Amino acid sequence: MVQMGFYINSQLCTGCNACVVACKDKNDLDVGINFRRVYEHTEGGYGKSNQGITQNVQTFFTSISCNHCDEPKCMENCPTTAMYKREEDGVVVIDHDKCVGCRYCEWNCPYGAPQYNEELGKMTKCDTCLDLREAGEEPACVAACPMRAIEFGPIEELREKYGDTADVRGLPSSSITKPNLVINAHKDASK
Amino acid sequence: MSENIIEKIQRKKMKRRSFLKWSGAVAAPAIIGSSTAVSNKLKITAETTDEATEEKVITTCGTLNCGGRCLIKAHLKDGVITHLSTDTKEDTFDLPQLRACVRGRGYRQFFYNPDRLKRPMKRVGKRGEGKFEEISWEEAIDYIAEELTRITEEHGPSCRYSNYASGHSGSIIGAGNMAQKLFGLTGGYLGYHNSYSSAQTSTATPYTYGTTETGSTLNTLSDSKLIILWGHNPVETRFGLTDFYVKKAKENGVKIVVIDPRKSDTAVALADEWIPIAPTTDTAMMDAMMYVIISENLYDKKFVDKHCIGFDEEHMPEDVPEGESLKSYILGEKDGVPKTPEWAEEICKVPAGTIQNLAREYATNKPSALMQGYGPQRQAFGEQFTRGGTILAAITGNVGVRGGWASGQGSINLVTTTPVPKGENPLGELTIPCFLWTDAVVRGTEMGEEDGVKGLPDGQDTLPSNMKVMFNLAGNTLINQHADCNKTAEILQDESLLELIVVSEVFMTPSAKFADILLPSNTFMERWDIGSTWAPSQHAILSEKCIESMYDSKSDYEWLTMLAKKLGVEEEFTEGRSQLDWVKWSIEESRKEDPNFPTFEEFRENGVYQPSVEENTVIAFEKEIKDPDNNKFETPSGKIEIFSKDLWDMDNHEEIPAIPKHVHSWEGPEDPLIEEYPLQLIGWHYKRRCHSSFDNNKWLEEIGPQVLWMNESDASDRNINDGDMVKIFNERGEIQMPVEVTNRMMPGVAAIPQGAWWDPDENGVDQRGNINTLTGYRPSPLAKGNPQHTNLCEIEKL
């Protein structure tokens, strides 16, 4: 199995949310359901220098979808076994014939990835745009990023290219689920 | 571990009641066309689609006044757009993909929005009440024709006006231009000059360089050593491909500094250093940078001697008294006030040491690019900001060199598209500054040159008539984007002033509510056009018609043709061409100027015309600097005018100085009014809107809610917490909205993202958060432009 994963270059993430809305458009997601989300983190403040104002404000954005983890808590805690990891590429998907919409997966995912769809009464989530990928295209978020800051591919290749950081300020510890995520941390985000 | 960002954002989301209220407003089912019903999710999935139907992909482009002009691919099944994608061609430095931003990605909630205006309507209530009854297109045209004729007979053709607008207007076939063409064919009209975007920089830049074409192609930014983005936020405004090329420069090791009262998204992602500065005081910092550069002999003496006029007393135009040069002013030789970093620090709040360092870095790391945004020129004395930037570029010799930047307006035309001509105005070039249209309604016959009126006929000192007819097509400047909404509403409500207001719109905007006749416009998805990006212009995209006009909507060109027919000038108006014919005509005209411009067939095949920036690199004023004897600047002196004799001769040296100066701004930090209203209030162009377009887009509201930004210390002084409802007020009005307490906003300044739809309650208190509830009418002195980032206010917890 080749485990697939995402690379996020947070250094260049402008927080524009094009990835989020491209995903919504492609998957027809209503307000409140977001397979991909962008989080802003701001710390620091201001000081004085004579009459002037100094600052050490630190801000960065993190764009996160499902990380298709090696140890997905959503799957471990799914009472119906609807949530499963595809053997061929490690992508975590939901069998809607089995899902009863109990939302245990949502409670157990530290990244907030599974999204409850009230209309369906079932959970939904990022499937890495399997249909687009089968047609030889990139996932919608990857093709959308105006900064070209998202990549998708075999996680080993991404780690070789970009290192193995998945722990940045504000994110849950990678030890919980072993996410298939590589982040190039923003200068304000290093732990 | 403390609360992580994921928990924090989810907690915050729950508190935003106004957000839920707003998103609920567009939850009615959408009807696409007349027969295909879909849910409000615009859900078109396998079960509703005939799988035998092939997907069709059409390349098009949003022709709203959006800076990016991205490439949109509409994916259609059975005539319905199921989703959008964007440019997927090979992505290179020379020819980057024209990827859509978040606004472009949310377009389906724009054209398939259930709240679209569907049929023509006539007002039945009081003006502005928003009460209408449906009528037919024929009835609407008859009414407009009769009223137009009656009022013109009574007041003359100069009472007719087609308002500044940039919404669903279009690109080569601008709705407002076409209205002017029709007015021109039937007697004439009052025109306008300037724009709400760039009045001050467009007016001031030519006083330095003789032109607004001061931009270079953006590929040259990678050759800079330092880029200063002064009040420039290309990431959110989507300024052409600027963000892409600044990113490339950053990857190339170029240092990037952002100067802005707010830590913009550009500052977060692209800046090595962010310098917060008090609004309206930018020129004080520029003066102080010049002080460092001059007093430390860091200026480019050879360049200044050869190419500039007005730097020192030895290089001044004739008939100007001594002591008026830049050097004299900066060193305080006449007024006794040297414009030192310490002097500036007190005004602009930037520490003297920071000013000093930046001045040294800019002057000694050549080439460096000082790029000015349009935000700071939208201030009381925005002309000085523009002039200051251009003079900094000039005295450091950063003009005409690759990797430098001339500053100022920054326009460049690598690709020119030919607009449909609007023909002659029988009244000549009679125009007002677009920001003063409310004045022309109230006191037009008193307005003359001192109000910026241009083209008055010989022997006439003022406008012949007050404005009586308003065609407001494709725009929200009728009230929302104009200043002082409450005062504007009063003027519009008075039916003895404007006697006819015709509005075409896609939605029931605040401006649409003031229509006498309200016409439903189609969107760019439903008509042909050509889109070209904001400056620096590097590409054009065929905006192909993808779907039929929805409901009973029409393009402005279509109904204006009906009106032209009624008025007996159809043939002259259309010249026998449909909108598609005009697109083809425009292409052929453009091909006469630029043989590489694609044919219609080629354009349709490729969707885009994007010339190589490497092969067509432009460096502003390169030839003027390399070979000045044969290439003069288009200024009166033929040189870069640090001192402008033309400005000097206007004889208003305090407000319109001949060299760039910091002028104490009304409603700036130096205005005594700050005792009563202690916070400066600015707007910013929000990533989720293009001006006021998309304010009702629920996807975009979710990613960018309408909130006031306020600093932690200002908030705690007022016992305000994140998420609280607050009131923001000054003597012009009041807004009630939620607050986001964030240190991305500097102390002493609050900001409201501009463009939200004005939503007054019965007391005129805006419930949505339109900053223009609090902005004022006073224009800038030289351009008579809109200074809408110049406001003092107070904020209280509700």
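Going by the structure above, here's the rest.
In this text the structure is predicted, and so the values were computed from the model without any measurement. Position labels on residues start from 1 in each chain and follow its written sequence. Chain letters start at A and ligand numbers start at 1, both assigned in the order the entries are written. The predicted nature of this model means local features are confined to residues of pLDDT at least 70 and side-chain atom pairs, given and counted, to a pLDDT of 80 or more, with totals for whole chains, interfaces and linings taken over all residues. The basis for the side-chain values is all heavy atoms of the structure; hydrogens and waters are excluded.

Draft legend 1. Molecular detail of the overall build of chain A. When you go through chain A residue by residue, the secondary structure sums to 6 helices and 11 strands. C-alpha atoms define the radius of gyration, and 2.2 Å times the number of residues to the power 0.38 defines the globule rule. Against the globule reference of 16 Å for 191 residues, chain A gives a C-alpha radius of gyration of 18 Å, in line with a compact fold. Viewed in the frame of its principal axes, chain A has a C-alpha envelope of about 65 × 35 × 30 Å. Counting every position in chain A, which comprises 191 residues, the buried fraction comes to 59%. Long-range contacts, defined here as pairs at least 24 residues apart, represent 59% of the contacts in chain A between residues at least 6 apart. Areas reported here follow the Shrake-Rupley algorithm with a probe of radius 1.4 Å; residue values treat only the protein chains shown as occluding. On chain A, roughly 7,600 Å² of surface is accessible, and the fraction owed to carbon and sulfur atoms is 46%. All tallies of charge rest on Lys and Arg as positive and Asp and Glu as negative; His and the ends of each chain are not included. Note on charges: their place is set at NZ of Lys, CZ of Arg, CG of Asp or CD of Glu. One finds the centroid of the 20 positive side-chain charges in chain A at a distance of 5 Å from the centroid of its 28 negative side-chain charges. Secondary structure elements are defined from DSSP: runs of H or I of at least 4 residues count as helices, runs of E of at least 2 residues count as strands, and each element is numbered from the N terminus. Here's how the labels work: a residue is buried when its accessible area is under 20% of the maximum for its type, exposed when over 50%, partly exposed in between, all with a 1.4 Å probe on protein chains only. Any two residues whose heavy atoms approach within 4.5 Å are treated as being in contact.

Draft legend 2. Looking closely at the overall build of chain B. When helices and strands are counted, chain B shows 26 helices and 28 strands. Relative to the 2.2 N^0.38 estimate, which gives 28 Å for 798 residues, the radius of gyration of chain B is 26 Å and therefore close to what a compact globule would have. With the C-alpha coordinates aligned to their principal axes, the bounding extent of chain B is approximately 75 × 75 × 55 Å. Of the contacts made within chain B by residues no fewer than 6 positions apart, 74% connect residues no fewer than 24 positions apart. Within the structure as shown, chain B displays about 27,300 Å² of accessible surface, and the carbon and sulfur contribution to it stands at 45%. Within chain B, one finds 84 positive and 121 negative side-chain charges whose respective centroids are separated by 5 Å.

Draft legend 3. Spatial organisation of the sheet that holds strand β10 (residues 150-154) of chain A. All names here are of chain A. Two strands are counted as paired when DSSP detects at least two bridges linking them. Reading across the sheet, the 3 strands line up as β10-β1-β11 and stay open at both edges, with mixed pairing between neighbours. Whereas interior strands pair on both sides, the edge strands pair on one side only; in this sheet they are β10 and β11 (181-184). Taking each pair of neighbouring strands and ignoring which way they run, the sheet shows an average axis angle of 20°. Every axis in this analysis is a line fitted to C-alpha atoms, fitted for helices over the stretch in contact. Angles between the N-to-C directions lie between 0 and 180 degrees. The sheet contacts of helix α6 (residues 155-162) involve β1 (4-9), β10 and β11, and relative to β10 the element is tilted by about 125°.

Draft legend 4. Spatial organisation of unusual backbone geometry. In this chain, K366 of chain B is followed by P367 of chain B through a cis amide linkage whose omega measures 0°. Note that P367 of chain B resides in the loop between α15 (352-364) and β14 (368-372). Positive phi, close to 60°, is recorded for T128 of chain A, a residue that is not glycine. For T128 of chain A, the position within the fold is in the loop between β9 (122-124) and α4 (130-134).

Draft legend 5. Quick look at helix α7 (residues 199-209) of chain B. All names here are of chain B. Within α7, 8 of the 11 residues are buried, which leaves it mostly tucked inside the rest of the structure. Of the residues making up α7, those classed as buried are A199, Q200, T201, T203, A204, T205, T208 and Y209. Residues of α7 that are buried sit in contact with α16 (382-395) and β22 (640-641). Residue G210 follows α7 closely and has a positive phi angle near 85°.

Draft legend 6. View of the environment of C690 of chain B. All names here are of chain B. Along the chain, C690 turns up in the loop between β23 (679-685) and α25 (698-703). Given the relative accessible area of 5%, C690 is considered buried. Considering only alpha carbons, one finds C690 and G67, 623 residues apart in sequence, at a separation of 8.2 Å. The contacts of C690, once residues within four sequence positions are left out, are N65, C66 and R103.

Draft legend 7. Examining the interface of chain A and chain B more closely. Counting residues at the interface gives 61 residues for chain A, matched by 63 residues for chain B. Across the chain A to chain B interface the summed buried area is about 4,900 Å²; carbon plus sulfur atoms make up 55%. Once two parts are put together, the accessible area they lose, assessed with a 1.4 Å probe and summed over both, is termed the buried area. Looking at the side of chain A facing chain B, the largest losses of area belong to D25, D28 and R148 of chain A, adding up to 15% of the total buried there. For salt bridges, the criterion is a side-chain nitrogen of Lys or Arg within 4 Å of an Asp or Glu carboxyl oxygen. Taken together, chain A and chain B are joined by 7 salt bridges. The residue D28 of chain A makes a salt bridge to R108 of chain B at a minimum N-O spacing of 2.9 Å.

Draft legend 8. Region of the structure containing the packing of aromatic side chains. Residues and elements named next belong to chain B. For Phe, Tyr and Trp, where Trp contributes only its six-membered ring, two rings pair if their centres lie within 6.5 Å, and the inter-plane angle classes them as stacked under 30 degrees, edge-to-face over 60, or tilted in between. By the definition in use, this model includes 37 aromatic pairs over all chains. Centre to centre, the rings of F507 and W757 are 6.4 Å apart; their planes meet at 45°, and the pair counts as tilted. Here F507 is found in the loop between β17 (500-505) and β18 (517-520), whereas its partner W757 is found in the loop between β27 (749-754) and β28 (791-797), with 250 residues between them in sequence. When its relative accessible area of 11% is taken as the criterion, W757 is described as buried. Taken together through their ring pairs, the aromatic side chains of Y107, F110, F111, Y112, F507, F524, F694 and W757 make up a single cluster.

Draft legend 9. Representation of the packing of helix α11 (residues 282-295) of chain B against α16 of chain B in the model. Residue and element names in this part refer to chain B. Relative to each other, α11 and α16 sit at 20°, their axes nearing to 9 Å. Compared by their axis directions, α11 and α16 come out roughly parallel. As for the relative orientation of α11 and α16, their crossing is left-handed in sense. Contact residues: α11 offers D282, T283, M286, M289, M290 and I293, while α16 offers Q384, F385, G388, G389, I391, L392 and I395. Each angle receives one of four descriptions, namely roughly parallel if under 35 degrees, roughly antiparallel if over 145, roughly perpendicular if within 65 to 115, and oblique otherwise. Left-handed describes a crossing in which the near helix is turned anticlockwise from the far one by less than a right angle; the clockwise case is right-handed.

Draft legend 10. Broad picture of the environment of G253 of chain B. All names here are of chain B. Tracing the chain through its elements places G253 in the loop between α9 (242-251) and β11 (255-259). By relative accessible area, which is 63% here, G253 ends up exposed. For the pair formed by G253 and S222, sequence separation is 31 residues and the distance between their alpha carbons is 8.5 Å.

Draft legend 11. Expanded view of the side chain of H539 of chain B. All names here are of chain B. Checked against the element boundaries, H539 lands in the loop between β19 (529-532) and β20 (540-543). Definition of a polar contact: a pair of N or O atoms within 3.5 Å, with one able to donate and the other able to accept a hydrogen when the atoms are protein atoms, and with sequence-neighbouring residues admitted only if both atoms are side-chain atoms. Within the local environment of H539, its side chain forms a polar contact with the backbone oxygen of R69, the two atoms lying 2.9 Å apart. Apart from the residues lying within four places of it in its own chain, the contact partners of H539 are G68, R69, L98, L241, V415, G531, S532, T533, V608, Y609 and Q610.

Draft legend 12. Up close: the environment of F573 of chain B. Residues and elements named next belong to chain B. If you trace the backbone, F573 turns up in helix α20 (residues 570-574). Separated by 460 residues in sequence, F573 and N113 have C-alpha atoms that sit 32 Å apart. Those residues in contact with F573, other than ones at most four positions away along the chain, are M178, K181, L182, L185, Y557, L560, T561 and A564.

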